[in-house]
Amino acid sequence: PAVLSSGELGARGHTRPHVVFVPSAGMGHLLQFFRFIGALSAHDVDISVVTVFPTVSAAEADHFAALFRDYPSVRRLDFDLLPFDASEFPGGDPFLLRWEALRRSLHLLGPVIAGVTPRVTATVTDVTLVSHVNPIAKDLGIQCHVLYVSSAAMMSLVSYFPIYLDNKDAGADVGDVDIPGVRRLKRSWLPQPLLDLNKLFTKQFIENGREMVKTDGVLINTFDALEPVALAALRDGKVVRGFPPVFAVGPHSSLASEATKSAAAEAEGSPMAWLRQQPARSVVYVAFGSRCAVSHEQIREIAAGLEASGSRFLWILKTTVVDRDDDAGIRDVLGDGFLERVRGRGVVTKAWVDQDAVLRDPAVGLFLSHSGWNSVIEAATAGVPLLAWPRGGDHRVAATVVASSGVGVWMEQWSWDGEEWLVSGEEIGGKVKEMMADAGVREKAAKVGEEVAKAVAVGGTSHTGILDFVAKLKATT
Ligand code: UDP
Ligand code: UDP
């Protein structure tokens with residue numbers, strides 16, 4: 001090999017790995033990248049991050065800035081998107097459109113990566129981009145890993161779905177998907193767009209799914225005790241023969257800046273400050289993720305349910321998909337009088353809160369959630385029972401894990417996006433009340449919290465997962 005500077009020589013004389021992260025868009029994806037980058041930066045590895053501005057949402061821009069502030073040694077690789085005509089996809093989800101815009105620009109990434117010093121030895125990308133990034137990495141002779149932002153169960157669907165399609169009768173509709181070694185997923189649990197093979201999301205999903213087996217490794221934000229069956233099936237090649245190494249490295253811990261921010265957010269009158277003053281386990285935390293807009297009719301039923309439950313509550317209410325367009329007033333949606341009637345026992349905000357900090361606060365007794373994977377993992381970490389009300393995408397697959405692991409309870413019959421009926425306030429209120437009083441549910445969730453602590457402690461499965469990944473980075477590049 002060429003002469004290496006001392007800085008480039010690792011402990012055993014190998015080249016020091018230089019990893020380029022290629023994230024996509026959406027806070028559910030980006031937060032996990034930022035947190036994992038934070039964890040990896042404690043190891044003997046150079047890190048660069050492909051950065052695309054402007055971001056889709058304001059929260060994304062804030063968090064990119066915080067990453068580079070918190071970790072000055074992490075390099076920023078600016079990347080410009082080619083012009084992208086979104087009118088091809090009228091009414092398209094802005095994040096999905098960004099994934100597509102990225103995918104169409106990625107052929108320009110090879111030269112960018114090739115031009116970086118020290119020499120790049122690996123990429124870590126998002127599943128939404130892998131069918132484009134992996135071939136680039138292979139051309140450059142470097143490793144390509146996927147940092148997967150959902151569950152091992154969902155990864156088994158991603159990688160098995162193309163095989164399922166190859167085996168099904170060409171004319172038949174998509175039906176239940178029986179994933180070898182994992183479980184049968186009902187058709188109604190699949191991300192809605194998968195039922196239509198012509199959808200942009202589905203095309204990306206299938207292409208990316210086929211590519212997974214050709215990558216060098218998959219990092220998943222889960223841990224062995226949470227999803228033992230799905231992880232074993234992936235690792236044993238039961239889902240897809242020849243599947244690459246799977247590193248279960250979750251939950252990722254939050255960044256220093258997130259903590260600082262949340263401290264700042266505790267100013268008098270803030271939702272956090274209010275939460276701190278509530279009795280132990282008395283508050284229902286209600287949030288449906290960073291980008292999930294619930295219909296205004298359904299929002300009013302949730303309001304009625306929370307009011308009827310008699311519980312204290314903290315409700316993060318989003319009325320639109322992209323935060324920077326969020327101008328529909330909470331008061332307009334909830335109707336006159338609601339905020340007055342619940343004053344003192346209920347707080348409703350559309351602000352960004354540090355959800356991790358909320359869930360760790362002893363006042364929180366229940367999390368009514370859309371069952372986005374990050375939310376599930378954060379509830380597991382805090383040992384707070386989760387009442388899963390999936391709204392779309394991978395949420396029902398995540399909810400299977402909520403139910404099987406003891407993190408919480410899944411309302412399988414509650415409607416999600418595309419199903420027309422509303423869940424009544426009466427039903428919501430009743431379920432909230434029941435779960436707030438259920439010591440068994442609480443105990444199970446607390447046990448999962450203990451498993452998390454073991455997994456991330458030195459010698460635990462997730463801690464070892466990161467070390468195994470770093471070893472893989474240092475192996476032949
Ligand atoms: N996904 C995937 N491959 C793709 C696109 C999406 O595996 O090409 C997965 C990804 O894990 C995502 C899930 O499908 O979390 C459901 O997508 P959704 O529309 O809910 O987006 P998200 O909530 O993740 O932003
Ligand atoms: N989140 C937060 N504050 C908010 C809204 C969301 O910290 O006001 C975080 C939440 O903790 C989680 C992520 O944003 O880490 C949302 O991811 P999830 O998978 O739960 O849902 P998605 O937004 O992808 O639907």
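Everything numeric in this text was worked out from a predicted model, so none of it was measured. (Residues numbered from 1 in each chain as written. Chains lettered and ligands numbered in written order. Predicted model: local features only at pLDDT ≥ 70, side-chain atom pairs only at ≥ 80, totals over all residues. Heavy atoms only, no water.)

S.K.: Account for the pairing of strand S3 (residues 75–78), with residues named and values stated.
M.R.: In summary, the side chains of a regular strand alternate between the two faces of the sheet. Of the pairings in the sheet, the one linking strand S2 (residues 46–51) to S3 comprises four bridges and is parallel in character. For Val-50, the partnering residue across the bridge sits in S3 and is Leu-77. Between the parallel pair S2 and S3, the chain is carried across by helix H2 (residues 58–70), and the sense of this crossover is right-handed. (Pairing = 2+ DSSP bridges. Helix = DSSP H or I, 4+ residues; strand = E, 2+ residues; numbered from the N terminus. Right-handed = clockwise from strand over helix to strand, strands pointing away.)

S.K.: How would you sum up empty space enclosed by the protein? Please name residues and give values.
M.R.: Under the counting rule described, the total for this entry stands at five cavities of 30 Å³ or more. Of the voids in this model, the largest cavity is the one considered here, and its volume is about 80 Å³. Along the walls of the largest cavity sit Pro-23, Ser-24, Ala-25, Leu-30, Val-50, Val-52, Thr-55, Glu-60, Phe-64, Arg-98 and Leu-102, which together make up its complete lining. If you list the elements that add at least two residues to the lining of the largest cavity, you get H2 and helix H3 (94–105). Looking at the lining of the largest cavity, its residues break down into seven nonpolar, two polar and two charged. (1 Å grid on protein atoms, 1.4 Å probe; cavity = no way out; pocket = protein on both sides within 12 Å on 5 of 7 lines; lining within 4 Å. Points joined across faces, edges and corners; volume = space filled by probe spheres on them. Nonpolar A, V, L, I, M, F, W, Y, C, P; charged D, E, K, R; others polar.)

S.K.: Now, about helix H16 (residues 395–405): what can you tell me, with residues and values included?
M.R.: Counting buried positions along H16 yields eight of eleven residues, so the element is predominantly enclosed. For H16, the complete set of buried residues consists of His-395, Arg-396, Val-397, Ala-398, Ala-399, Thr-400, Val-401 and Val-402. Against the buried residues of H16 lie helix H6 (152–167), strand S7 (183–185), helix H15 (373–382), strand S14 (386–388) and strand S15 (408–410). (Buried < 20%, exposed > 50% of the residue type's maximum accessible area, 1.4 Å probe, protein only. Contact = heavy atoms within 4.5 Å.)

S.K.: Account for the layout of surface pockets, naming residues and giving values.
M.R.: Gaps between atoms show up when a probe of the same size as a water molecule is rolled over them. Space inside the second largest pocket adds up to approximately 390 Å³. Around the second largest pocket sit 21 residues that line it, and Val-249, Pro-251, His-252, Ser-253 and Val-456 are the ones nearest its centre. Within the residue set of the lining of the second largest pocket, elements represented by two or more residues are helix H1 (27–40), helix H14 (355–360), H15, helix H18 (439–456) and helix H19 (461–474). Classifying every residue of the lining of the second largest pocket by side-chain character gives nine nonpolar, eight polar and four charged.

S.K.: Any chance you could break down the sheet that holds strand S11 (residues 312–316) for me, citing the residues and the numbers?
M.R.: With respect to topology, six strands assemble into an open sheet ordered S12-S11-S10-S13-S14-S15, the strand pairing being parallel. Edge positions in the sheet fall to strand S12 (346–349) and S15, since each has one partner strand and no second. Averaged over all adjacent pairs, the angle separating strand axes in this sheet is 15°, with direction ignored. Relative to strand S13 (residues 364–369), strand S10 (residues 283–287) is paired through five bridges, and the arrangement is parallel. Each bridged residue has a counterpart across the sheet, and for Val-284 the counterpart in S13 is Leu-366. Contacts between helix H17 (residues 425–436) and the sheet are confined to S10, S13, S14 and S15, with S13 contributing the most and set at about 145° to the helix. (Axes fitted to C-alpha atoms, helices over the stretch in contact; angles between N-to-C directions.)

S.K.: So what's going on with the pattern of salt bridges? Which residues, and what values?
M.R.: The tally for this structure, following the rule as stated, stands at 26 salt bridges. Here Lys-214 ties to Glu-211 by a salt bridge, and the two come within 3.7 Å at their closest N and O atoms. For Lys-214, a relative accessible area of 49% corresponds to the partly exposed category. For Glu-211, a relative accessible area of 10% puts it in the buried group. One salt-bridge network, held together by shared partners, links Arg-16, Asp-44, Asp-46, Arg-75 and Lys-474. (Salt bridge = Lys/Arg side-chain N within 4 Å of Asp/Glu carboxyl O.)

S.K.: So what's going on with the site of ligand 2? Which residues, and what values?
M.R.: Around ligand 2 there are 16 residues in total, and Ser-290, Val-353, Asn-374, Ser-375 and Glu-378 lie nearest to it. Here His-370 contributes a side-chain N or O atom positioned 2.9 Å from an oxygen atom of ligand 2. With respect to ligand 2, the backbone of Trp-373 contributes an N or O atom lying 3.4 Å from an oxygen atom. Compared with its free state, where it exposes 530 Å², ligand 2 has 93% of that area covered by protein. Elements represented by at least two residues in the shell around ligand 2 include exactly H1 and H15. Considering every element that reaches the shell around ligand 2, the biggest residue donor is H15, with four residues. (Near = heavy atom within 4 Å. Polar contact = N/O pair within 3.5 Å; in protein donor to acceptor, adjacent residues only side chain to side chain. Areas by Shrake-Rupley, 256 points an atom, 1.4 Å probe, with all protein chains shown as cover.)

S.K.: Report on the packing of aromatic side chains, specifying residues and quantitative values.
M.R.: If you walk through the whole model with that rule in mind, you get 16 aromatic pairs. Every member of this aromatic cluster is reached through a ring pair, and the members are Phe-21, Phe-33, Phe-36, Phe-247 and Phe-469. For the cation-ring pair, Arg-396 lies above Trp-416, with the distance from its terminal atom to the ring centre recorded as 4.0 Å. (Phe/Tyr/Trp six-rings, centres within 6.5 Å; stacked < 30°, edge-to-face > 60°. Lys NZ or Arg CZ within 6 Å of the ring centre and 35° of its normal.)

S.K.: Would you mind going over the sheet that holds strand S4 (residues 122–125) in detail, with residue names and values included?
M.R.: Read across the sheet, seven strands follow the order S3-S2-S1-S4-S5-S8-S9 without closing on themselves; strand pairing throughout is parallel. Looking at which strands have only one partner, the edges of the open sheet turn out to be S3 and strand S9 (246–248). Each neighbouring strand pair of the sheet contributes to a mean axis angle of 25°, computed without reference to strand direction. With three bridges joining them, strand S8 (residues 217–220) and S9 adopt parallel strand pairing. Counted as the bridge partner of Val-218 is Val-246 from S9. Strands in contact with helix H5 (residues 130–140) are strand S1 (18–22), S4 and strand S5 (143–148); relative to S5, the strand with the most contacts, it is inclined by about 155°. The sheet contacts of helix H8 (residues 228–235) involve S8 and S9, and relative to S9 the element is tilted by about 155°.

S.K.: If you had to explain the nonpolar core to someone new, which residues and values would you point to?
M.R.: For soluble globular proteins, nonpolar side chains are generally found buried alongside one another. Counting residues in each nonpolar core, the largest one holds 81 residues, and the members touching the most others are Met-155, Leu-157, Phe-161 and Tyr-285. When residues of this core are assigned to their parent elements, the largest contribution, ten residues, is made by H6. With residues near it in sequence (within four places) discarded, Met-155 still touches Val-127, Tyr-148, Met-212, Val-218, Ile-220, Leu-234 and Phe-243. If you look at the next biggest cluster of nonpolar residues, it comprises 30 residues, including Val-286, Ile-299, Leu-317 and Trp-389. (Core = buried A, V, L, I, M, F, W, Y, C linked by side-chain atoms within 4.5 Å.)

So, to be careful, I would describe these as geometric facts and stop short of saying anything about function.
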